[in-house]
Amino acid sequence: DACAKCGNFAQAEQLFARMQDQQMVTMESVTSLLRASSRAKRPWQDSEALLLKAQHSVAALPGADLRLLNCVVDACAKANAVDRCIFWLDEMKSKTLAPNVISFTSALSGCKGPGSRVQAEEL
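Just so it is clear, the model here is predicted, and its values are computed rather than measured.

Trainee: Would you take a moment to explain the overall build of the protein for this structure?
Mentor: A tally of regular secondary structure across the protein gives 8 helices and 0 strands. Overall, the protein shows an N-to-C arrangement of helices and strands of α-α-α-α-α-α-α-α. Across the 123 residues that make up the protein, the buried fraction comes to 41%. The long-range fraction of contacts in the protein, counting pairs at least 24 apart against all pairs at least 6 apart in sequence, stands at 63%. Counting every atom, the protein has about 6800 Å² of accessible surface; 55% of that belongs to carbon and sulfur.

Trainee: Which parts of the structure should I look at to understand the nonpolar core?
Mentor: Within soluble globular proteins, side chains that are nonpolar generally end up buried alongside one another. Core analysis: the largest hydrophobic core is formed by 25 residues, its most contacted members being L34 and W88. Only α2 (9-21), α3 (27-39), α4 (44-58), α5 (64-78) and α6 (82-94) provide two or more residues apiece to this core. Considering every element that reaches this core, the biggest residue donor is α5, with 8 residues. Each residue touching L34, except ones within four places of it in the same chain, is listed here: S47, L50, L51, L68, C71 and V72.

Trainee: What is the right way to read unusual backbone geometry from this model?
Mentor: Only a minority of non-glycine residues have a phi that is not negative, and only a minority of peptide bonds are not trans. We note that N80 has phi near 55°; this positive angle belongs to a residue other than glycine. Relative to the assigned elements, N80 resides in the loop between α5 and α6.

Trainee: Help me out: how do you make sense of helix α7 (residues 101-109) in this one?
Mentor: Since one α-helical turn is 3.6 residues long, residues separated by three or four positions face the same way. Considered for burial, the residues of α7 that qualify are S103, S106 and A107. Each buried residue of α7 lies within a common arc of 95° when the element is viewed along its axis, so the set occupies one face. The N-cap residue of α7 is N100: its side-chain oxygen and the backbone nitrogen of I102 are 3.1 Å apart.

Trainee: Sorry if this is basic, but what is going on with the packing of aromatic side chains here?
Mentor: Aromatic rings considered in pairs are described by the distance between their centres and by the relative angle of their planes. Applying the stated criterion across every chain yields a total of 1 aromatic pair. Considering the side-chain rings of F87 and W88, the 4.9 Å spacing of their centres and the 85° angle between planes classify their relative orientation as edge-to-face. Judged by its relative accessible area of 34%, F87 is partly exposed. By relative accessible area, which is 8% here, W88 ends up buried. The ring of F87 is capped by R84, whose NZ or CZ atom sits 4.2 Å from the centre of that ring.

Rules used in this analysis
- Per chain, the residues get numbers from 1 upward, laid out in the order the sequence is written.
- The model is predicted, so local features are restricted to residues of pLDDT at least 70 and side-chain atom pairs to those at 80 or more, both for listing and for counting; the totals for chains, interfaces and linings are taken over all residues.
- Derived side-chain values reflect all non-hydrogen atoms in the structure, with water molecules and hydrogen atoms excluded from consideration.
- Under the DSSP-based scheme used, a helix requires at least four consecutive residues in state H or I and a strand at least two consecutive residues in state E, with every element numbered from the N terminus.
- Working definition: with a 1.4 Å probe on protein chains only, accessible area under 20% of the residue-type maximum means buried, over 50% means exposed, and in between means partly exposed.
- Two residues form a contact once any of their heavy atoms are found within 4.5 Å.
- Using a 1.4 Å probe, accessible areas were evaluated by the Shrake-Rupley method; residue-level cover was limited to the displayed protein chains.
- Joining through side-chain atoms within 4.5 Å is the link that ties buried Ala, Val, Leu, Ile, Met, Phe, Trp, Tyr and Cys residues into a set, and such a set is a nonpolar core.
- Note: the arc covers the axis-to-C-beta directions of the helix.
- Any pair of N or O atoms that falls within 3.5 Å is considered a polar contact. Within protein, one atom must be able to donate a hydrogen and the other to accept it, and sequence-neighbouring residues count only if both atoms are side-chain atoms.
- Aromatic rings from Phe, Tyr and Trp, taking only the six-membered ring of Trp, are treated as a pair when their centres fall within 6.5 Å; an angle between ring planes under 30 degrees marks them as stacked, one over 60 as edge-to-face, and anything in between as tilted.
- A ring has a charge above it when a Lys NZ or an Arg CZ is no more than 6 Å from the ring centre and no more than 35 degrees off the ring normal.

Structure, rendered in structure tokens:
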């Protein structure tokens, strides 16, 4: 989590890879890696790729899907990719996951600039 707070994505990714090798991946390690990606201003595509890479490691944990998807929505919002936020909110619904206040707050935080009112209304 320290790497995420500092936005040190490279180090967070290295630590995560070692945890995967040793089968020590936890929900916190995955969400920390996703937060490090968004804090380091990595493209939203990176967060989506990380989500796909990490999902199998934590699939059995309760609430894993919603927490991971919320992290990806937040990363997309920080990259002002509101269309991707909408995609992931729809993805939650298709998996019968109810987006929560974190989901919508994260998505709304990406609604900045021209046309943001229309984007916010789509959420």
